[in-house]
Amino acid sequence: LRDSRPLFISMTPENGGKVTIQCDDMETAAELVQHLAHDLGLRELESVANFPYEMSQFREVLMKVDEYNAIRLKLTAEMADSSNVVKTLVIKAEDARILGDMRQMKRMYSELYSLNNELIAEYRKRSNNHQALLAALKEVNHMIQKAARLRVGSAKTRVVNACRAAIKANNI
């Protein structure tokens, strides 16, 4: 290969012919499978694949997705709590204004200003976390597509559905 990694292709006559592709790159193997299937006119092709390095990378990405989701839930809960405090501070400030207690009103608006700045900072954290979560989910989808491209036809569809079901059930 161009990156100097080994690639082995062998064929045996077992069960009408068995092709074995050995390489370290899942995308390269998938391209070979797709080209072979196309050139041989195969509409259905099952395969068995083993890419330990890619699977370990996949597990790491899934762990990041879980981590980002946990952070997202925590940040969302904190923002909900803060929004309740904002409502309370606005009501207290308006009550103080109606009662003519300018010192209390100024203190409430000062706390509201401070809390607003905190909410903006939390929003930035939440936005950054969301972007990281989206990137990790794109990586998960890319990995599922790479695994699916190792097959042709209904086997490809079954792999995509099985992968998504396993991820939903947290069964990797």
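Residues numbered from 1 in each chain as written. Predicted model: local features only at pLDDT ≥ 70, side-chain atom pairs only at ≥ 80, totals over all residues. Heavy atoms only, no water.

Notes on the overall build of the protein chain
Here is step 1: Helix and strand counts for the protein chain come out as four helices and two strands.
Here is step 2: Secondary structure of the protein chain in N-to-C order comes out as β-β-α-α-α-α.
Here is step 3: Taken against the 2.2 N^0.38 rule, which gives 16 Å for 172 residues, the C-alpha radius of gyration of the protein chain at 27 Å runs more than 25% over that of a compact globule.
Here is step 4: The principal-axis extents of the C-alpha atoms in the protein chain amount to approximately 95 × 35 × 25 Å.
Here is step 5: Burial status across the protein chain gives 26% buried among its 172 residues.
Here is step 6: Long-range pairs, those at least 24 residues apart, make up 61% of the contacts in the protein chain with a sequence separation of at least 6.
Here is step 7: As displayed, the protein chain offers around 12300 Å² of accessible surface, 56% of which is attributable to carbon and sulfur atoms.
Here is step 8: In the protein chain, 25 positive and 22 negative side-chain charges are present, and the distance between their average locations comes to 4 Å. (Helix = DSSP H or I, 4+ residues; strand = E, 2+ residues; numbered from the N terminus. Rg over C-alpha atoms; globule rule 2.2 N^0.38 Å. Buried < 20%, exposed > 50% of the residue type's maximum accessible area, 1.4 Å probe, protein only. Contact = heavy atoms within 4.5 Å. Areas by Shrake-Rupley, 256 points an atom, 1.4 Å probe, with all protein chains shown as cover. Lys, Arg positive; Asp, Glu negative; His and termini not counted. Charge placed at Lys NZ, Arg CZ, Asp CG, Glu CD.)

So, the packing of helix α3 (residues 102–148) against helix α4 (residues 154–168)
Here is step 1: With their axes 8 Å apart at the nearest point, α3 and α4 run at an angle of 145° to one another. Of the two elements, α3 crosses α4, and the hand of that crossing is right-handed. Residues Val140, Asn141, Ile144, Gln145, Ala147 and Ala148 of α3 lie in contact with α4, whose contacting residues are Lys156, Val159, Val160, Cys163, Arg164 and Ile167.
Here is step 2: Grouping the constituent residues of the contact of α3 with α4 by class yields eight nonpolar, two polar and two charged. (Axes fitted to C-alpha atoms, helices over the stretch in contact; angles between N-to-C directions. Left-handed = near helix turned anticlockwise from the far one by under 90°. Nonpolar A, V, L, I, M, F, W, Y, C, P; charged D, E, K, R; others polar.)

Here's the deal with a nonpolar patch on the surface
Here is step 1: Together, Leu7, Ile9, Met11, Val19, Leu36, Leu40 and Leu42 line one region of the surface with nonpolar side chains, adding up to about 640 Å² of accessible area.
Here is step 2: Breaking the nonpolar patch down by element, the ones donating at least two residues are β1 (7–12) and α1 (26–40).
Here is step 3: Considering every element that reaches the nonpolar patch, the biggest residue donor is β1, with three residues.
Here is step 4: Topologically, Leu36 is positioned in helix α1. (Patch = residues over 30% accessible without salt bridge, like charges linked within 9 Å, V, L, I, M, F, W, Y side chains within 5 Å. Salt bridge = Lys/Arg side-chain N within 4 Å of Asp/Glu carboxyl O.)

Quick look at α1
Here is step 1: An ideal rise of 1.5 Å per residue puts 21 Å on 15 residues; α1 measures up with 21 Å between its terminal C-alpha atoms.
Here is step 2: Every buried residue of α1 is accounted for by Met26, Thr28, Ala29, Ala30, Val33, Gln34 and Ala37.
Here is step 3: Where α1 is buried, its residues contact β2 (18–23), α2 (52–99), α3 and α4.
Here is step 4: In the stretch just after α1, Gly41 is the one whose phi turns positive, near 70°. (Expected span 1.5 Å × (residues − 1).)

Concerning the pairing of β1
Here is step 1: Relative to β2, β1 is paired through six bridges, and the arrangement is antiparallel. Paired with Phe8 across the strands is Gln22, a residue of β2.
Here is step 2: Hairpin remark: β1 followed by β2, antiparallel, with five residues in the connecting loop; positive phi at Asn15, about 50°. (Pairing = 2+ DSSP bridges.)

What about the confidence of the model for the protein chain?
Here is step 1: On average, residues of the protein chain score 90 in pLDDT, and 98% of them are at 70 or above.
Here is step 2: At the low end of the mean pLDDT range in the protein chain sits β1, at 87; at the high end sits α3, at 93. (pLDDT = per-residue confidence, 0-100.)

Regarding the side chain of Asp25
Here is step 1: For Asp25, the position within the fold is in the loop between β2 and α1.
Here is step 2: Despite its burial, Asp25 remains without a salt bridge, the nearest opposite charge being carried by Arg5 at 4.2 Å.
Here is step 3: Within polar-contact distance, the side chain of Asp25 engages the side chain of Thr28 at 2.6 Å. (Polar contact = N/O pair within 3.5 Å; in protein donor to acceptor, adjacent residues only side chain to side chain.)

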